[in-house]
Amino acid sequence: MSPTLLAFIVKELRHILRDRQTLTILLLMPLVQVVLFGYALRSDVRDVRLAIVDPSPDYATIALRDRLVAARRFKIVSVSPSMTSVEPLFRQGKADVAIAFEPDFAGHLHGNGPAKLLLAIDASDPNTATTMQAYARAVITSYEAEVGAGLNQPIRIIPDTRMRFNPTLESVNLFVPGLIALVLTLVSALMTAISLSREKERGTLEILLVSPLRPWQIIVGKVLPYLGLAFANVLTALLAAWLIFHVPFRGSVLLLLSESLLYAMVSLALGVLVASLTTSQRVAMLAALLVTMLPSSLLSGMVFPIASMPVFLQWVSAIVPARWFIVIARGIMLKGVGLDYLWRETLVLLGMTVVLMGIAVRSFKPRLE
Amino acid sequence: MVQNAGKRFGKTEALSGVSFEVNHGELFGLAGPDGAGKTTLFRILTTLVLPDTGSATVLGLDAVRDMWKIRSRVGYMPGKFSLYGDLTVKENLSFFASVFGTTIEKGYDLIAPIYSQIEPFAERRADALSGGMKQKLALSCALVHRPDILFLDEPTTGVDAVSRREFWDQLRVLRDSGLTILVSTPYMDEAMRCDRVALMQAGRILEIDIPTEIGSRYPLPLFAITGAERYRLLLELRKASHAHSVFPFGAELHYTDDRAGFDPEVIAGELREYLDYKGFANVQVKSIQAGIEDSFMELMPPPLQKAS
């Protein structure tokens, strides 16, 4: 690293460290947010992807399957004789719910015992998990009542529900990944945008421009210290989540931290872009809020499940970096999956970083106009 | 050095075809009121703004093509003291030194006369400095990398009179060490201290000369008039039949007659008679040599003249 760039980074670090109030707020924010977010919003769910495990298909299991599909909430994505094939579907996020019938389901239904089935639900998003569970149980209960009435004798189906990934349905488990995304967005995009536009407003950028410093050096010098701050924030959020709420951590910490840095890079690029397109700190701040914070919290699937958004907004959410990061973070933290499952999302983030950084460096003009 | 440079922002013509040349080792002044185009001209020369027409060369380098070469060799102090208020005096200076790939030590002997005055406050944050000290720090920052040419855009705005005088003394010292300096100022007393001055007005250079010569080309007879009831005196003088312009000038009023080449003593006599008739006692009327400020007032276009 050139001494010039190093000097720039040192100067930037000093700005950050001198402004004690802002720094305190930034460092405490993840902690406060983790503590404050104790709730999440209920949501409506459609197109639940259902995996069926049916070791001995008979008329009763087929009838129940048909009813589930007829309820239009579910669509069957796989039918298999054993539970082992369902496991990978869950991990890859290709199935939301699995229903496993016990062998000779119809026999048990009409014979002496209750018929048993297992209802397994991907509960990494507790809101949707509860809703999906309620749907499935409603279909089963109505079938039970109908068949019982036709036979003039009560039958019993006992569903055994298992929540996968997030067995206690802690919504805190769900929002921590989203929270990391939010904090990273705030520190990276907002703070970089403010700090860069402050140079514009104060006129110091004018001197920096009339110097041998190249635009990329100014950008890298601006971005690196905030990357460090963002990293500290991720650690705080994770520690707080783990110590206070006992949020499980199933996957690789190293992978999550690297993915966080990647996401921070996307946000930083957005921040630089916002700053180079605006002229004052105030406008930069509002613009950064508008293009980063709002989509990151509302369109990312952090609060509202993407599946329950109108199709148009689902499309929009695809260009929100936080959406991809939240899938990654939830995958690593709650499901314990690795890059082999998350490479697509990672590639998306990587692509966004490259494109946005490219645009940011290009839009950062070496002149005043 | 500057050839017919022009710049417009939207419909406003900030600079309309300006040409001039600055000699090596010269202290060159750009004098003119706000909005004259001084800052735009500086920004073209410091490669911050592209000229719409014409061209500019700095140190023999083209201001557009050789942007990066120029940038490492010029020192620039923009209109407001652009320092990092949250960094200390020393941190500011060492940052700007590193930006140019040098250190405070390497540039110390050049900035010493200026920087030594604020060095006792090296650990103080720049925001906590007085206007004069900020100015010294800003100049030190612009000089620390030993530039070949220095651009100072209105460097004395917001600085007390004593610091202003000191500042100009220091500029002369720097000039004597061989540094080329371009400085802009709205103050005529500062323009007087330059080797040569370009008078600027509404995006044009009206005149370029050594400061004392600029007055000598004043085309009309000029008189300094003092007396009681200054304001009424001003109004009555403006009503005089051959009045070209009358401006308050310190304790005096400067009256310009519109009869070029007329014998000043005859005009002075007429004026004394006129004022006597208007009821002014003890009025002094003296024919004087025009100064740079008179020239400047004269060169201003009529509408502005009436407004002032």
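Thresholds applied
Numbering of residues begins from 1 in every chain and follows the order in which that chain's sequence is written. Just so you know, chain letters begin at A and ligand numbers begin at 1, following the order they were written in. Whole-chain, interface and lining totals are the exception, using all residues; otherwise, since this is a predicted model, local features are given only for residues with pLDDT of at least 70 and side-chain atom pairs are given and counted only at 80 or more. By convention here, the domain bounds are inherited from an automatic or database domain assignment. As a per-residue measure, pLDDT tells how confident the predictor is, with possible values from 0 to 100. C-beta atoms are placed from the backbone for every residue, and two residues are taken to be in contact when these atoms lie within 7 Å. Here a helix means four or more residues in a row that DSSP labels H or I, a strand means two or more in a row labelled E, and each is numbered from the N terminus. By the convention adopted, Pro, Cys, Tyr, Trp, Phe, Met, Ile, Leu, Val and Ala count as nonpolar, Lys, Arg, Asp and Glu as charged, and the other residues, Gly among them, as polar. Burial is judged by counting other C-beta atoms within 10 Å of a residue's own C-beta: 20 or more means buried, 12 or fewer means exposed, and anything between counts as partly exposed, with every C-beta placed from the backbone. By definition, a nonpolar core groups buried Ala, Val, Leu, Ile, Met, Phe, Trp, Tyr and Cys residues that are joined through C-beta atoms within 7 Å.

> Break down the domain arrangement of chain B for me, citing the residues and quoting the values.
Interface extent is often summarised as the accessible area lost during association of the parts. Segmentation of chain B into domains returns domain 1 (2–215) and domain 2 (219–288). Once you take the C-alpha centre of each, domain 1 of chain B and domain 2 of chain B turn out to be 39 Å apart.

> I'd like a rundown of the confidence of the model for chain A, residues and numbers included.
For residues with low pLDDT, the predicted coordinates do not support detailed interpretation. Chain-level statistics for chain A give a pLDDT mean of 83 and a share of 94% at 70 or above. The low-confidence segment residues 38–43 of chain A (pLDDT under 50) makes 16 contacts with residues lying over four places distant or belonging to another chain.

> Lay out the interface of chain A and chain B with the relevant residues and their values.
Taken together, the contact between chain A and chain B spans 22 residues of the former and 23 residues of the latter. A total of seven residues in the side of chain A that touches chain B trace back to one element, the largest contributor, which is helix H1 (residues 3–18) of chain A. When its residues are assigned to classes, the side of chain A that touches chain B shows nine nonpolar, five polar and eight charged.

> Give me the confidence of the model for chain B: which residues, what numbers.
Chain-level pLDDT for chain B is 84 on average; 93% of the residues reach the 70-or-more range. As scored by the predictor, the complex reaches a pTM of 0.71 and an ipTM of 0.78.

> Explain unusual backbone geometry to me, using residue names and the numbers behind them.
Glycine aside, residues mostly have negative phi, and peptide bonds are mostly found in the trans state. Phi angles above zero are rare outside glycine, and A:Asp104 is one such case at about 55°. Among the structural elements, A:Asp104 can be located in the loop between strand E3 (97–101) and helix H5 (105–110). According to the C-beta neighbour criterion, A:Asp104 is partly exposed, with 15 such atoms within 10 Å. With phi around 65°, B:Thr47 is a residue other than glycine that occupies positive phi space. By secondary structure assignment, the location of B:Thr47 is in the loop between helix H1 (38–45) and strand E4 (53–58).

> Let's hear about the nonpolar core: which residues, and what values?
Of all hydrophobic cores here, the largest spans 171 residues; its most connected members are A:Val97, A:Ala181, A:Ala269, A:Val272, B:Phe151 and B:Ile181. The leading source of residues in this core is helix H7 (residues 171–202) of chain A, at 16 residues. Contacts of A:Ala181, omitting those with residues within four sequence positions, involve A:Tyr263, A:Ser296, A:Ser300, A:Met302, A:Ala322, A:Phe325, A:Ile326 and A:Ala329. Residues B:Ile225, B:Leu233, B:Leu253 and B:Val285 belong to the second largest nonpolar core, which totals twelve residues.

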